[in-house]
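Structural description and commentary
Residues per chain, in single letters:
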Amino acid sequence: YREPLLKVLSKPGGHAARMMVLKEGEKLLEKRLTPHDRGQIKSGAIRWERSAEWEVRVMRENGLLKAVDDAPRGYWTLTKAGEAAAKSV
């Protein structure tokens, strides 16, 4: 899910609310998401959204997104490295 996340985050200037990123990401992935992807997991979350959030965690570890403590609550924010990566997708 990295590429769609980077595409969405690069549009509004490198940061956006989590829910907006997921909504726009779903539009980008519309033809690729299966009914299974759109289904709920045991916690009640939507499977593909949980997978995208896991990718956000990995992106933070890779230095592409700011740490939770360095970004406004509920927002995902690109770092300089993330902005560079977004330009290449």
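The notes below deal with the structure included here.

Judged by nonpolar contacts, the single largest core of 19 residues is most densely connected at L9, V21 and W76. Of all the elements in the fold, those that place two or more residues in this core are α1 (2–10), α2 (18–28), α4 (47–61) and α5 (80–87). When residues no more than four places from it in sequence are discounted, the contact partners of V21 are L5, V8, L9, A16 and W76.

Here the focus is the packing of α2 against α4. For the pair α2 and α4, the least separation of the axes is 11 Å and the interaxial angle reads 120 degrees. In this structure, α2 meets α4 at a crossing whose hand is right-handed. On α4, the residues touching R18, L22, G25 and E26 of α2 are W48, E49, A52 and E53. Class assignment of the residues belonging to the contact of α2 with α4 gives a composition of three nonpolar, one polar and four charged.

One pass over the structure, following the stated rule, counts one aromatic pair. Aromatic side chains Y1 and W48 sit 5.9 Å apart centroid to centroid with 45 degrees between the ring planes, which places their arrangement in the tilted category. With Y1 in the segment before α1 and W48 in helix α4, this pair connects stretches of sequence that are 47 residues apart. Assessed through its relative accessible area of 2%, W48 is described here as buried.

Contact pair α1 / α4: the axes reach a minimum separation of 10 Å and the direction vectors enclose 80 degrees. As judged from the angle between their axes, α1 and α4 are roughly perpendicular. In contact with R2, L5 and L6 of α1, α4 contributes A52, E55, V56, V58 and M59. A breakdown of the residues in the contact of α1 with α4 according to their chemical character gives six nonpolar, no polar and two charged.

Rules behind the numbers
Residues numbered from 1 in each chain as written. Predicted model: local features only at pLDDT ≥ 70, side-chain atom pairs only at ≥ 80, totals over all residues. Heavy atoms only, no water. Core = buried A, V, L, I, M, F, W, Y, C linked by side-chain atoms within 4.5 Å. Buried < 20%, exposed > 50% of the residue type's maximum accessible area, 1.4 Å probe, protein only. Helix = DSSP H or I, 4+ residues; strand = E, 2+ residues; numbered from the N terminus. Contact = heavy atoms within 4.5 Å. Axes fitted to C-alpha atoms, helices over the stretch in contact; angles between N-to-C directions. Left-handed = near helix turned anticlockwise from the far one by under 90°. Nonpolar A, V, L, I, M, F, W, Y, C, P; charged D, E, K, R; others polar. Phe/Tyr/Trp six-rings, centres within 6.5 Å; stacked < 30°, edge-to-face > 60°. Parallel < 35°, antiparallel > 145°, perpendicular 65-115°, else oblique.

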